[in-house]
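Geometric and topological summary
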Amino acid sequence: MTPAMIGISWSFVKIFAALNFGMGLAAFLSWVERKQSALLQDRIGANRADILGARALGLFHILADPIKLLFKEDFVPPQGQRLWHDLAPALSLGCSALCLAALPFGDAVVLGGKTWSLQPLPMGAGVVFVLAMLSVGVHGVVMAGWSSASAYSLLGGLRGAAQMISYEVAMLSILAGPLFLYGTLDLSEAVQAQARTFWSFFPAWGIFLQPAAFILFLIAGAAETKRAPFDIPEGEAEIVGYFVEYSGMKFAMFMTNDFIETIVLAGLSTALFLGGWHLPGLGRLGLSQPVFALAGVGVFAAKMIAVLWLLMQVRWTLPRLRYDQLLALGWKNLLPLSLANFAATAWIVWWSRAG
Amino acid sequence: MIAEPDGIAKVRIVKAPEMGFLERIYLVEVLKGLLVTSRHFFINLWRHMKKALGRETEPGAVTIQYPEDPAVVARRSRTHHRLLRREDGAPRCAACMLCETICPAKCIRIVAEESPDVMIEKRAKSFEIDLGRCVFCGFCVEACPVDAIRMDTGRVEMAAFWRTDMARDITQLLGERPRQ
């Protein structure tokens, strides 16, 4: 095999692994969501799906739900537009799945005299790519709202568009602060930039250097994923949402899209704020380089799961914001605060270099 | 408004509590809410884990897993009807038709006949309750002058596949037992 072919097949392996990791985690999240909400509301949660009497804490619901949805009718409203109706969930899910491939899952492995990057799509503008893909994903929402020929789904789609635009702007200006510190748009390099320590023991993670940006990023990111308390496009109690006319697997794709966006958000905050695959003290164990890099993948996944837990907890704790509150939070609070954070960061960096 | 003895109304103005700065920026309140839900989450998780390990613990959930666990019905709740008997074993029902008359769902049907006992005059030849129509209001129990019908069996499971199976005749109703 030529080196080029090895490179291409290694990319395929990585993308395959990342997609499977994301999809598997999304399926698992559907179970976690039910069980976590049940635990914090003193309930038991879904536990009825069984295989030969074994219930396994309700884990078989992960299988049972898609099986049910696969066999449901794929209904398109008679006035709706079939092409766009079919395309919308694919666009949403495809865009967020592409984001998965840009996440830096681990440090490069040196094996057999060669360097194997563990990032499925190593690219210089990773942050911009992820943000762009997340905002392209909203086209699926609008498309679903329009092609369903229903006033409710159209309202949901338009709400989704307004929400995405307002939080997309805030998101970029929030990330300006930490990215200014790391001096790169590459997600792997951003993680590497957090490897140092300051005051000789404190890890230079984004959450310690930019705590305000981390909190703002979590808020904007939760809005970006369209989940409670920012589930305005869905708004179950008022308008059922942009997917009101969807059934079967197409509906499941929208649900999966929500979970994958949450996973991407967790991965992004891990890479940019929580030090990625770095863990203080892990280097002292004296692991060989490939093992060390693979342990880093585990660290990355563990941090991601911690962020996912927090996002789930927030989702089941807070009530939904009103529409005007949502837009006011985005434009009047998040945007000025993030710009102030960026200005302060720039000033402190300039001051520390000058002095 | 509280009416005073001299006829002058006393008005008390209640002001909505104003939010302080910490409440208005909302983040602290969010953290408080997260603390509450997280406490529930971890305590319940700990209890479930202890239970899984076979330890003695308080329940981690208030859920009653109904088909496996028995349904909990309050002591006073109105449940499946039963007919009572006299001391000599004959049905108490005197076929006065009060329950049939008061029944808002018209689910009771009584056919009366002459009783051999001259002191009783009438008795029920048949006494049918269609549970498919019954609204469990308990008016029949209230109306009965001879305490012949009660709704204290504690039984709530009376589903059937056919409407005809929802009817109960006099022997079935006499066979019901009060809850233990």
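Remember, predicted model here, so these are calculated numbers, not experimental data. (Residues numbered from 1 in each chain as written. Chains lettered and ligands numbered in written order. Predicted model: local features only at pLDDT ≥ 70, side-chain atom pairs only at ≥ 80, totals over all residues.)

**Details of the overall build of chain B**
Rules: Helix numbering and strand numbering both begin at the N terminus, where a helix is a DSSP run of H or I of at least 4 residues and a strand a DSSP run of E of at least 2. Radius of gyration: over C-alpha atoms. The globule rule applied is 2.2 Å multiplied by the number of residues raised to the 0.38 power. To sort residues by burial, count the other C-beta atoms lying within 10 Å of each one's C-beta; a count of 20 or more means buried, 12 or fewer means exposed, and anything in between means partly exposed. C-beta atoms are built from the backbone. Whether two residues are in contact depends on their C-beta atoms, placed from the backbone: they are in contact if these lie within 7 Å.
Secondary structure summary: chain B contains five helices and seven strands in total. The globule rule puts the C-alpha radius of gyration for 180 residues at 16 Å, and the 28 Å found for chain B is more than 25% above it. Its C-alpha atoms give chain B principal-axis dimensions of about 85 × 70 × 30 Å. The buried share of chain B, taken over its 180 residues, is 14%. The long-range fraction of contacts in chain B, counting pairs at least 24 apart against all pairs at least 6 apart in sequence, stands at 64%.

**Observations regarding helix α5 (residues 151–182) of chain A**
Residue and element names in this part refer to chain A. Rules: Any helix carries an expected span of 1.5 Å times its number of residues minus one. Throughout, bend refers to the angle between the axes fitted to the seven residues that end at a position and the seven residues that start at it.
The terminal C-alpha atoms of α5, which comprises 32 residues, lie 46 Å apart, in line with the 46 Å expected from a rise of 1.5 Å per residue. At Ala-176, α5 shows its maximal bend, which comes to roughly 35 degrees, and the proline Pro-178 appears one to four places after that position. Count one or two residues on from α5 and you reach Gly-183, which has phi positive near 70 degrees.

**Quick notes on the nonpolar core**
Heads up, the rule is: For our purposes the nonpolar core covers buried Ala, Val, Leu, Ile, Met, Phe, Trp, Tyr and Cys residues that link as a set through C-beta atoms within 7 Å.
Counting 82 residues, the largest nonpolar core has Leu-100, Ala-220 and Ile-263 of chain A as its most contacted members. If we ignore the near neighbours within four places in the chain, the residues touching Ile-263 of chain A are Gly-22, Leu-25, Ala-26, Leu-100 and Leu-308 of chain A. In this structure, Ala-95, Cys-107, Ala-124 and Cys-140 of chain B belong to the second largest nonpolar core, which totals 16 residues.

**Remarks on the interface of chain B and chain A**
As a reminder, the rule being used: Polar here means any residue other than Ala, Val, Leu, Ile, Met, Phe, Trp, Tyr, Cys and Pro, which are nonpolar, and Asp, Glu, Lys and Arg, which are charged; Gly is therefore polar.
The interface of chain B with chain A comprises twelve residues on the first partner and eleven residues on the second. Residues belonging to the side of chain B that touches chain A are distributed by class as follows: six nonpolar, six polar and no charged.

**Points about the domain arrangement of chain B**
Stated formally: Note that domain bounds follow an automatic or database assignment of domains.
Segmenting chain B into domains produces domain 1 (1–63) and domain 2 (82–175). Placing a centre on the C-alpha atoms of domain 1 of chain B and another on those of domain 2 of chain B gives a separation of 48 Å.

**Notes on the sheet that holds strand β7 (residues 167–168) of chain B**
All names here are of chain B. The condition that has to hold: When DSSP finds two or more bridges between two strands, those strands count as paired.
Strand order in this open sheet of three strands is β4-β5-β7, and the pairing throughout is antiparallel. In the strand order of this sheet, the two ends are held by β4 (108–114) and β7, each with one partner. Direction of pairing for β4 relative to strand β5 (residues 122–130): antiparallel, over a ladder of seven bridges. Along β5, the bridge assignment pairs Arg-109 with Glu-128.

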